[in-house]
Number of protein chains: 2
Amino acid sequence: MTEDMKRHEECYMKEHCLKYDVCPMTLVQKILSGKWKILILWYLSYKKLRFTEIKKKLPNVTQKMVTQQLRSLEEDKLIYRKVFPVVPPKVEYGLTELGKRIVPILEMMHKFGAEYLEDSFDTSTSEDPLE
Amino acid sequence: MTEDMKRHEECYMKEHCLKYDVCPMTLVQKILSGKWKILILWYLSYKKLRFTEIKKKLPNVTQKMVTQQLRSLEEDKLIYRKVFPVVPPKVEYGLTELGKRIVPILEMMHKFGAEYLEDSFDTSTSEDPLE
DNA sequence: CTGAATCCCTCGCGATACTG
DNA sequence: CAGTATCGCGAGGGATTCAG
């Protein structure tokens, strides 16, 4: 692989992304990829939560996945993890300043999703591609 | 599984989502899940593109994946597919009205990603945010 | 040029059990 | 309560070939 190919390996968006070494869109895609990431961030956007509280909000999800997604979000500096040295253990999760900046995106996602559901496809879904 | 459990299978967000049968956030998560979805939408937000043009912008991606992701986006009504009955074949992809509504989200993602990169973790953080 | 069809393999995710 | 440790499956994704 040539050096030039390497430079474009992650981002070939000449029009919009050439100024960055890593494509911002690809970065966001990676950060948010994961079945429960945006849900967790969405929950935490309202208030700090304990591990069990998060898990309770995610039915049909194993403890392992919750931990895994939380760790990933923590690595990417979107959330913090605060351990209280008490018995029984208490761990609190919340958004970092960086993580808070993603909240508006989540809100727009929610709005889009809600509209998507309401806009119903009952109108025969007749999209007109032809100008 | 009880009926009640089933109702909450996809969305347990009592605080924000109980009014919908399907959680809007989960919906968006599903619609946008896929390694190249948001990149493709991002490209198309600027202009309609032919199949090959899209593929060219996604290095190290197989034809199969491009087709697959495009099909998925088309099923979700975010993009349209227009076939020109010519030889050689010509197929054009573009955003639907529904798809255009997601553009602001993409723009915010890009902004977030760019800031994330620039906000540098060089301040005491020796960790690479990517990988 | 666009895309379908196979084969194949990684890895995301789930289920279960164990620990401080 | 809040985790680790293992095992294993299935889907997502890659490489290649064939077709209209």
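This report concerns the structure included in the present document. (Residues numbered from 1 in each chain as written. Chains lettered and ligands numbered in written order. Predicted model: local features only at pLDDT ≥ 70, side-chain atom pairs only at ≥ 80, totals over all residues. Heavy atoms only, no water.)

### With respect to the pairing of strand β3 (residues 90-95) of chain A
Residues and elements named next belong to chain A. Along β3, 5 of the 6 residues are buried, which leaves the element largely enclosed by surrounding structure. Inspection of the sheet shows strand β1 (residues 49-50) paired to β3 by 2 bridges, in the antiparallel sense. Bridge pairing in β3 places leucine 49 opposite tyrosine 93. Both strand β2 (residues 79-84) and β3 contribute to a ladder of 6 bridges, which runs antiparallel. Within β3, the position partnered with valine 83 by the bridge is valine 91. (Buried < 20%, exposed > 50% of the residue type's maximum accessible area, 1.4 Å probe, protein only. Helix = DSSP H or I, 4+ residues; strand = E, 2+ residues; numbered from the N terminus. Pairing = 2+ DSSP bridges.)

### Structural notes on the packing of helix α3 (residues 24-32) of chain A against helix α4 (residues 37-44) of chain B
With their axes 9 Å apart at the nearest point, α3(A) and α4(B) run at an angle of 150° to one another. Classified by the interaxial angle, the pair formed by α3(A) and α4(B) is roughly antiparallel. By crossing handedness, the relation of α3(A) to α4(B) is classed as right-handed. Each of Met25(A), Thr26(A) and Gln29(A) in α3(A) lies in contact with α4(B), whose residues at this interface are Ile38(B), Leu39(B) and Trp42(B). Residue classes in the contact of α3(A) with α4(B) are distributed as 4 nonpolar, 2 polar and no charged. (Axes fitted to C-alpha atoms, helices over the stretch in contact; angles between N-to-C directions. Parallel < 35°, antiparallel > 145°, perpendicular 65-115°, else oblique. Left-handed = near helix turned anticlockwise from the far one by under 90°. Contact = heavy atoms within 4.5 Å. Nonpolar A, V, L, I, M, F, W, Y, C, P; charged D, E, K, R; others polar.)

### Examining the protein's contact with DNA strand C
Residues in contact with DNA strand C amount to 19 residues; listed here are only the nearest, Lys64(A), Met65(A), Thr52(B), Arg81(B) and Tyr93(B). Within 4 Å of the protein, the contacting atoms of DNA strand C are drawn from sugar and phosphate to the extent of 64%. Residue Pro89(B) places a main-chain N or O atom 3.4 Å away from a sugar or linking oxygen belonging to DNA strand C. Here Tyr93(B) contributes a side-chain N or O atom positioned 3.0 Å from a phosphate oxygen of DNA strand C. For the surface near DNA strand C, the secondary structure elements donating two or more residues are α6 (63-75) of chain A together with α5 (51-57), α6 (63-75) and β3 (90-95) of chain B. When residues of the surface near DNA strand C are assigned to their parent elements, the largest contribution, 4 residues, is made by α6(B). In the surface near DNA strand C, the residues fall into 8 nonpolar, 5 polar and 6 charged. (Near = heavy atom within 4 Å. Polar contact = N/O pair within 3.5 Å; in protein donor to acceptor, adjacent residues only side chain to side chain.)

### As for the pattern of salt bridges
Enumeration according to the criterion identifies 10 salt bridges over all chains in this entry. A salt bridge links Glu115(A) to Arg101(B), with the shortest nitrogen-to-oxygen separation between them at 3.2 Å. With Glu115(A) in helix α8 (residues 103-118) and Arg101(B) in the loop between α7 (97-100) and α8 (103-118), this pair bridges two chains. Judged by relative accessible area, Arg101(B) falls into the partly exposed class, the value being 34%. By sharing partners, the salt bridges in this structure join Arg101(A), Lys111(B), Glu115(B) and Asp119(B) into a single network. (Salt bridge = Lys/Arg side-chain N within 4 Å of Asp/Glu carboxyl O.)

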